[in-house]
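One letter stands for each residue in the lines below.
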Amino acid sequence: MPHEAISVFDMFKIGVGPSSSHTLGPWRAAQRVVQGLMQRNQLALLTKLQVLLYGSLAKTGKGHGTDVAILLGLCNEDPETIDVNSINPKVEQIKQSGKLVLAGQQEIDFVYADDLLFLANEFLSFHPNAVTFLYSLSTGEQYSETWYSIGGGFVVQEGEAAGTTATNVTLPFPINTAEELRHWCMKTGMPVWEVVQENESTWRSEADTRTGVLRIWHTMRDCVYRGCHTASYLPGGLQVKRRAADLNKKLLAQQPYTDFDSLVASHSCRR
């Protein structure tokens, strides 16, 4: 069975965690709803919005920040670039004010307890990670959009074919299995990274691929640094203590070389 060609940037994504399916996916779905309203010139007409989280998104939503993702996505904040230190204040402002500013443009009344509902015992048949957006316009029209977070940060609207954002392309070295990757390496004499690089050139220039991969690496590195220097509890209300900072201190105390801080202190941390 043929597989859809996907890029390294479909497999590795920058975004606010902890979950690609419970955090990043719902965030993207909320963004898509707002962007659709803007494209149809309906944003300024919107007067009421409710969000219904179903099944898995409802059961673990608060622990995985699904509610936070939805709110920030509706504000059209970008999960790749948002200052993570600003997330809690932004969400708290929405809760306290009872107001939501869609895409930073259209302010509506939004009561967190009434307009963002966790329907943990209700499941939709297509996928357990489902969210429905109900909204009303000043014209009296009412609409409903249901989105599914199908994993890896991918989302699909009800009625659409499930897939990725990648377009259908023909790769120079099509790979569906590890054995096929081995085959191309042996046939061409190229190492794995060169085979992958040639495939990535189907979508963009080598320079753009290198820039994108380095950006992912820098984010991963900064995420590790942040975790190793943040002693507190994970968000979500379960009071799960962060472990990396204590482990980092213990490991550094056992090593003669403890200059890790100076290696990365000059880099800002996003995650």
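Given the structure is predicted, the values throughout are model-derived calculations rather than measurements.

Draft legend 1. Layout of the overall build of the protein chain. Looking only at helices and strands, the protein chain features eleven helices and seven strands. Across the 271 residues of the protein chain, 38% fall into the buried class. Long-range pairs, those at least 24 residues apart, make up 67% of the contacts in the protein chain with a sequence separation of at least 6. Of the accessible surface of the protein chain, which amounts to about 15500 Å², a share of 55% is contributed by carbon and sulfur atoms.

Draft legend 2. Looking closely at the environment of Gln31. In this structure, Gln31 sits in helix α2 (residues 20–39). Through-space distance from the C-alpha of Gln31 to that of Leu74 is 5.7 Å; in sequence the pair is 43 residues apart. Non-local contacts of Gln31, meaning those with residues more than four positions away in its chain, are made with Gly73, Asn76, Glu77, Asp78 and Pro79.

Draft legend 3. Expanded view of the sheet that holds strand β4 (residues 116–119). Pairing is mixed across the open sheet formed by five strands, whose spatial order is β4-β1-β5-β6-β7. A strand with exactly one partner marks an edge of an open sheet, and here the two such strands are β4 and β7 (154–157). In this sheet, adjacent strand axes meet at a mean angle of 25 degrees when their direction is disregarded. Relative to strand β5 (residues 129–137), strand β1 (residues 46–54) is paired through eight bridges, and the arrangement is antiparallel. Directly across from Val51, in β5, lies its bridge partner Phe133.

The rules behind these values
Note on numbering: residues in each chain are counted from 1, in written sequence order. Where totals are concerned, whole chains, interfaces and linings use all residues; where local detail is concerned, this predicted model gives features only for residues with pLDDT of at least 70, and gives and counts side-chain atom pairs only at 80 or more. Side-chain figures throughout are based on the complete set of non-hydrogen atoms in the structure, without hydrogens or water. Going along the chain from the N terminus, every DSSP run of H or I of four or more residues is numbered as a helix, and every run of E of two or more is numbered as a strand. For every residue, the accessible area obtained with a 1.4 Å probe (protein chains only) is divided by the maximum for its type, and the residue is called buried under 20%, exposed over 50%, and partly exposed between those limits. Here, residues are in contact when the closest pair of their heavy atoms is within 4.5 Å. Areas reported as accessible are Shrake-Rupley estimates using a 1.4 Å probe. Residue values count occlusion only from the protein chains shown. Any two strands are treated as partners once DSSP identifies two or more bridges connecting them. Orientation is described by lines fitted to C-alpha atoms, with helices fitted over the stretch in contact, and by angles between N-to-C directions that extend from 0 to 180 degrees.

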